[in-house]
Amino acid sequence: MMLGGLFVGLVSPALIACSPEAQTFKNTDITGAKYAQDFHLKDHNGKVRGLAEFRGKVTVVFFGFTQCPDVCPTSMTTMAEVKRLLGEQGDALQVVFITVDPERDTLPLLKEYMSNFDPTFLALRPEPAELPSLAAEFKLYYKKVEGKTPTSYSMDHSAGKFIFDTQGQVRLFSQYGTEASVLKDDIQELLKVS
């Protein structure tokens, strides 16, 4: 009897050691979320894109607008730094910027905006009528803030990033201001299982 208990005691740690290691992330783990499932929007080259096209890559989706004075360019600069930190793994990263200001953000303007950060980053533009349902799908807050003239308005919006694994499943949410090194570590963790 005693030997049987000892045997079980010795075998159990060995079985535990063989089970897959749970992933730990520094950003908020939203694996299994029923929102942020997909989109079908024109990119800055006029091609319709969806998450399935980026399979095999970790995809980071950020919502913003080109006339954003600080949050958006800071976030995109951070993502360019993440790609640099990834080194050779940088090719396995796809950054997607989706405008919340389709009235002013034309495809040519979005293309020019992306050229400031990285040539592989894509900007997507929903039609104005598509934006409410897209925002609902991603639980995104956005609001037009009137300016001194009809065209000088600004946009308040959620400033976090959605991070999708190589199978196109939403896995993480990263708050605005997260350091590039932290994002890089979590992206590398997602790439380990691809």
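It should be emphasised that the depicted structure is a prediction, and the values quoted were computed from it without experimental measurement.

Q: Can you tell me about helix 5 (residues 180-192), naming the residues and giving the values?
A: In this model helix 5 runs 18 Å from its N-terminal to its C-terminal C-alpha over 13 residues, within 8% of the 18 Å that 1.5 Å per residue would give. Of all the residues in helix 5, the buried ones are Ala180, Leu183, Lys184, Asp186, Ile187, Glu189, Leu190 and Leu191. Where helix 5 is buried, its residues meet strand 4 (58-64), helix 2 (71-86), strand 5 (93-99), strand 9 (161-164) and strand 10 (170-174).

Q: Please provide a residue-by-residue account of the nonpolar core, values included.
A: Core analysis: the largest hydrophobic core is formed by 55 residues, its most contacted members being Phe39 and Phe162. Among the elements that line this core, the one with the most residues is helix 2, at 6 residues. For Phe162, the residues in contact, after removing those within four places along its chain, are Ile30, Tyr35, Ala36, Thr59, Val60, Val61, Phe63, Phe138, Val170, Leu172 and Phe173.

Q: Run through the sheet that holds strand 10, naming residues and quoting values.
A: Ordered by their spatial adjacency, 8 strands build an open sheet running 1-10-9-4-5-6-2-3, and the pairing between neighbours is mixed. Both outer strands of the open sheet, strand 1 (28-29) and strand 3 (48-49), are each paired with one neighbouring strand and no more. As defined by bridge partners, strand 2 (residues 41-43) adjoins strand 6 (residues 122-125) across 2 bridges and the pair is classed as antiparallel. From the neighbouring strand, Asp43 faces strand 6, where its bridge partner is Leu124. Helix 3 (residues 107-114) rests against strand 2, strand 5 and strand 6 of the sheet, and its axis sits at about 155 degrees to strand 6.

Q: Which residues make up the pairing of strand 10, and what values do they have?
A: Counting buried positions over the 5 residues of strand 10 gives 5, a clear majority of the element. One ladder, built from 4 bridges, connects strand 9 with strand 10; its direction is antiparallel. By the bridge assignment, Phe162 is partnered in strand 10 with Phe173. The turn linking strand 9 back onto strand 10 is made up of 5 residues, and Gly168 within it adopts a positive phi angle of 85 degrees.

Procedures and definitions
Residues numbered from 1 in each chain as written. Predicted model: local features only at pLDDT ≥ 70, side-chain atom pairs only at ≥ 80, totals over all residues. Heavy atoms only, no water. Helix = DSSP H or I, 4+ residues; strand = E, 2+ residues; numbered from the N terminus. Expected span 1.5 Å × (residues − 1). Buried < 20%, exposed > 50% of the residue type's maximum accessible area, 1.4 Å probe, protein only. Contact = heavy atoms within 4.5 Å. Core = buried A, V, L, I, M, F, W, Y, C linked by side-chain atoms within 4.5 Å. Pairing = 2+ DSSP bridges. Axes fitted to C-alpha atoms, helices over the stretch in contact; angles between N-to-C directions.

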